[in-house]
Each structure stands twice: as structure tokens, then as C-alpha cells.
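Reading the structure
Listed below, chain by chain, are the residues.
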Amino acid sequence: MLYLSSNFKTFLKMASPQKVSFYTLGCKLNFSETSTIARQFEQGGFVRAARGEKADIYVINSCSVTEHADKKCRNLVRHLIKENPEAIVVVTGCYAQLKPQEVAAIKGVDLVIGNNDKGSIYDRVAALPAKSGAMIHTCSVEELTGFFAAFSSGDRTRSFLKVQDGCSYRCSYCTIPLARGASRNIPIADLVREAEAIAAKGQREIVLTGINVGDFGRTTGESFADLLRALDRVEGIDRYRISSIEPNLLTDEVIAFTAESQKFQPHFHVPLQSGCDRILALMRRRYNTARFADRIAAVRAQIPDVFFGVDVIVGFPGETDEDFEQTYRFLEQEVHPAFLHVFPYSVRPNTPAAVMPNQVQSSVATQRVERLSALSARLYREFAMAHLGQEAKVLWESTRHGGKMFGFTENYLKVSVPFDRELINTITRVRLDRMDEEALIEATILSD
């Protein structure tokens, strides 16, 4: 139950209903948390502002995975303050946790709230009498031990369920352990109740999210495979996807279960980061290319039509042209994924990589991003073309564009048909007919 301060009750009477807008930068985990914070405000009597409408309160859930992410947050905050100088502005998330003073220095920011205190945002806004300069509520990395249970509910078909937080790995380029703390989770029984709440809202697909989801169970003595089995039994959920899983945690047990399950979809997102063993060692990753290739082959042996998405970082300190060519060849010839998510390396303060020698010029990293992006487009087209003429099952979304509606197959191919409101949030059989210039597959709905 939510309790309002007396000052805030008076404020509500004078200006009710207050309008609030939420902005999410970064990962699906942030999205699940923002959605949960929004529900708290809605339960407290606030109204979400329509798109483009001025709000009385702005909540920005920030990302800090790159310098560009920091800059994007600063620009957004300044834009919102310029748009409505009298609004209460709250900045939370990883950028707020890592650089609270930098965020607080932006004139017009009222609250800077770290990752440990996201669950208190509503109460802190309620206790705020008026704009009076930025107040910071963060803690040290050692104190980042809480778990803010969260799931998204804004989409009519799909929900992002937070199953894990933090990371106990120490990759040399990454500040996430500093921003999120050590790996931790809540018990499986609690997450099952969260999934049941999602099912009660009518959403049919759940994407499992976290910082390092495969590390689930570190704080409860359970395992990720245990979690998958428990969620598989939740009634009302037809589909599950794993947002991302480290290759060293993609175990034979996890692979075997997902291959047998009717609910867990043939879709894996597995971060590689580099296809060069020398660079992987500098990155302090917990595998080499041989181990990565072994895990990909193990999945394909049991799930032939699996969709693989792969993360890659280019321009890491010391990455030579030959190192990059090794990565390119490894992806093109051995892994052959369906999609690449390519990042240029970004210097992050307080990480070992930030002071490594032989930093790569940004122009070189940009060229490498362009080459891998072109490879990604070709690999996706090849993967999609191989499925033309086949049947698949599609969960239809509510988006309407150009008279069409869209959905995804079990193995994450994006499909379109003429818009039909009755199809929203249903799963239908289709025939995959043809692919347009944007690699979107046009389909025909088949009668059962």
C-alpha cells in the first residue's frame, strides 16, 4: 500500500491530477524497472502524460554503458528542463549511480537516485515540497545489495521480467559491476508470482531480463535451469525468450531444456565481444573462441532453426587490423549468426581498459562498425530467406503502420500482414511468402 505525505496530499488537491512522463535509456532491464515505477505513480493518482504533452514530473532512467549514453541522458534532461522549467525532474539508473554529482550539476534537476533506491522514487517525489536544488540519494558499490523486483506492462503482448541484477564478473571495459553491484536475485517462487501477475494482465510472452541472467541463483542457491523449469509451468504464458546469456553459462542443461520446452523459443542472444582470443583475454572474458563456437554448435545440434544474435565490441585497445579480421572471419565463417549488435569501444572511467596502451582511433572503430553492420544485414537476409515458403507461428502486436501489422515468429523473424484488430495478441499459423527490401517478411495467415 502507498502512503502520501500530508504536504503531497495538499499538493494533489490543489493541482490534481498531476501528469508524469517516463523516459528509459539503455537496456530491457531498465525498461522493466521504469514500467514498475510508472505503475507506482499511477496507483498514487498520477496520470501519464500523452506523447508530446508537458508533464509536471519527469523520471529518466539512465544508462552509462558508453560515453554516448551519458551524453544522451544529459541532452534529454536539458531538453525536458527547457521545455518545462517548473517540472520536477528525477534522474535514476546507472549514470545517476556512477556520476551523481555530474547529473546534479545540471540546473533544474531535483532528485538524483541511484540503482539501490529505485523503489523509493515515488515516495521521495511525494515528500518533495518544491523545486529547491538537486538532492542526491546514492550509495557505495558495496551497499548495492537490494533487489527492485520489476516487470513491464505497457506492451499488450510482451513483458520484460527482471530475474537477476548486478554482475560479479570483472570484464576490463565494463562499469556495470560498479553501477549495479554484485550478482543477485530473488527466489524462484517470487518470480513465478511475478509471471502469474503478467499472465493475469493478458500478456502472452515474457522476456527474461537481467545484467547476467545465466548467473541466476547466486544468492538463493537455485539455478537458472531451475528457474526456466518453474516458469515453464506458469499457465497463461505461451512464450518465453532469454534476453541475453553469457556463453560460459549456456550449459548443456539449459540447452536441453529449451530444446524440449514448447514455451521457450528457439532464440538466443549470446555476447561474443571479439572473435580474437588475444583480445578476449585482454577483455577478461571467461571463454575463448573455441568455447564460444562449441556452445553455438551445441545449441544448433538440438535446435536447428535457432536464431542467434551476437554482441561485438570493435576498437578495443590494442585491436589490430588482423585482430579485427579474425573477428570478421570467425563470425562469417564459423558462428554465422542471424544478427549482430555492434558497439564501438567506449572508454569508461575506473576500468582497466581505460588506461591500456594502443587505444584505437575512433575513425578506425567506426569503419569496423560499418563493416560488421553490413555483415549483419547480409547474415539476417540469408537466415530469413532460408525460411521462405515454410510455416511458422506469429504473435501479433498492436502497432499499425502503412496498413500493416507486425509480429515475430518463434525464431524471431519479423513478419507483416494486412492490419486486423482481431489478431492483436493472438498467435496464428502463417506461411512465410516473401521478403521486402527492408528484410521484412510478408506472410499469409493459414486457417487451422
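Residues numbered from 1 in each chain as written. Predicted model: local features only at pLDDT ≥ 70, side-chain atom pairs only at ≥ 80, totals over all residues. Heavy atoms only, no water.

**Side note on the packing of aromatic side chains**
To keep things clear, this is the line we draw: Only the six-membered ring of Trp is used, alongside the rings of Phe and Tyr, when aromatic pairs are assigned; centres must lie within 6.5 Å, and planes under 30 degrees apart are stacked while those over 60 apart are edge-to-face, with the rest tilted. Helix and strand labels come from DSSP, where a helix needs a run of H or I of at least four residues and a strand needs a run of E of at least two; each type is numbered from the N terminus. Three labels apply to residues, based on accessible area from a 1.4 Å probe with only protein chains included: buried if under 20% of the type maximum, exposed if over 50%, partly exposed otherwise in between. Counting as a charge over the ring demands two things of the Lys NZ or Arg CZ atom: a distance within 6 Å of the ring centre and an angle within 35 degrees of the ring normal.
Tallied over the entire structure, the rule returns 18 aromatic pairs. Arranged with centres 6.3 Å apart and planes meeting at 85°, the rings of Tyr-173 and Phe-316 form a pair that is edge-to-face. Placement of Tyr-173 in the loop between β7 (158–162) and α7 (176–180) and of Phe-316 in the loop between β11 (307–314) and α13 (321–335) is noted, with a sequence separation of 143 residues between them. We classify Tyr-173 as buried; its relative accessible area is 12%. Measuring from ring centre to ring centre gives 5.6 Å for Phe-307 and Tyr-412, while their planes differ by 75°; the resulting arrangement is edge-to-face. Here Phe-307, found in strand β11, pairs with Tyr-412, found in the loop between β14 (404–408) and β15 (414–418); they are 105 residues apart in sequence, far enough to count as distant. Overall, the relative accessible area of 4% leaves Phe-307 in the buried class. Here the aromatic cluster, defined as three or more aromatic residues joined through ring pairs, consists of Phe-307, Tyr-380, Phe-383, Phe-408 and Tyr-412. Stacked on the ring of Phe-151, the Lys or Arg Arg-39 has its end atom at 4.1 Å from the ring centre. Note that Lys-162 overlies the ring of Phe-147, its terminal NZ or CZ placed 4.7 Å from the centroid.

**Focus on helix α12 (residues 289–302)**
Note the cut-off: What a helix should span is 1.5 Å times the count of its residues minus one. Here, residues are in contact when the closest pair of their heavy atoms is within 4.5 Å.
Across its 14 residues, α12 extends 21 Å between first and last C-alpha, which sits within 8% of the 20 Å expected from 1.5 Å per residue. Taken residue by residue, α12 has Thr-289, Phe-292, Arg-295, Ile-296, Ala-298 and Val-299 as its buried positions. The elements touched by buried residues of α12 are α10 (252–260), β10 (267–273), α11 (277–283), β11 and α13.

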